[in-house]
Amino acid sequence: MKAPVPVLIKLPAPVMLEVMMPLTGTWVSTAEESKDRLFAPRLMVPLRTCEGTRTTAAVDAGARLGEGIEIGPYAVIEADAEIGDGCTIAAHAVVKRHTRLGRGNRVYEHAVIGGEPQDLRFRACASFVTIGDGNIIREGVTIHRSSRAGGATRIGNGCMLMATAHVAHDCELADGVIMANGAVLGGHVRVGERAFLSG
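These remarks concern the structure in this document. Since the model is a prediction, treat every value here as computed from it, not as a measurement.

The rules behind each value
Residues numbered from 1 in each chain as written. Predicted model: local features only at pLDDT ≥ 70, side-chain atom pairs only at ≥ 80, totals over all residues. Heavy atoms only, no water. Pairing = 2+ DSSP bridges. Helix = DSSP H or I, 4+ residues; strand = E, 2+ residues; numbered from the N terminus. Buried < 20%, exposed > 50% of the residue type's maximum accessible area, 1.4 Å probe, protein only.

1. Digging into the sheet that holds strand S19 (residues 172-173)
Reading across from one edge, S4-S7-S10-S13-S16-S19-S22 is the order of the 7 strands in this open sheet, with parallel pairing throughout. Two strands in the sheet have a free side with no partner beyond their single neighbour: strand S4 (64-65) and strand S22 (190-191). As paired elements, strand S10 (residues 99-101) and strand S13 (residues 128-131) share 3 bridges and run parallel to each other. The residue of S13 that forms the bridge with Thr 99 is Val 129.

2. Focus on unusual backbone geometry
The backbone of His 92 sits at a positive phi, close to 70 degrees, despite the residue not being glycine. Relative to the elements of secondary structure, His 92 occurs in the loop between strand S8 (88-89) and strand S9 (94-95). Positioned with a positive phi, His 188 is a non-glycine residue whose angle comes to about 65 degrees. Along the chain, the position of His 188 falls in the loop between strand S21 (184-185) and S22.

3. Details of the sheet that holds strand S14 (residues 136-137)
Sheet strands line up and pair through hydrogen bonds in the backbone, either parallel or antiparallel. A sheet is described by the order of its strands in space; here 7 strands give the open sequence S5-S8-S11-S14-S17-S20-S23, paired in parallel fashion. What marks the edges here is a single partner per strand, and that holds for strand S5 (70-71) and strand S23 (196-197).

4. Considering the environment of Arg 190
Within the element layout of this structure, Arg 190 appears in strand S22. Since its relative accessible area comes to 68%, Arg 190 is described here as exposed. Residues Arg 190 and Leu 173 lie 17 residues apart in sequence; the distance between their C-alpha atoms is 6.0 Å.

That is the geometry; function is a separate question.
Here is the structure:
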């Protein structure tokens, strides 16, 4: 049996910085360093969860974070995102700009909240995702913001969106809604209180 052959991979400097970040701690990039990169968070923040596990999340300096929140490794929180007290954002989850999360929400791995709507009429504008309190948003869920300037996709309180569910632009979910794995809503759908949607 042959011994493994070491492989040297050369990376551009900005990528190398990001690869080394977990070893070096906080890294703040300048506008000049980040102008040519596809995604360039302004602040990379090492955080500690209540269990004391060291994590590294990309948190923009323009994000507004409440008290007692936990953010997992490599989660991304963009500028103008607002996360309420006691929320948990798991590893690799993304909370995009113009997203408003209330208190005590749990966002699981690889969920993406606040992405641009999949609407051919959409033009870049400030529109929102507004989420209440005590919701569970499981792995791979996507929630898109409104396709109208100033509009919002709304999710109430105490909802559970199971893995890979999708809530499209301008939907409104009342309190206590459950969406099963893989359930999908197109744009402008309204769902009443305590409804259960199968996948």
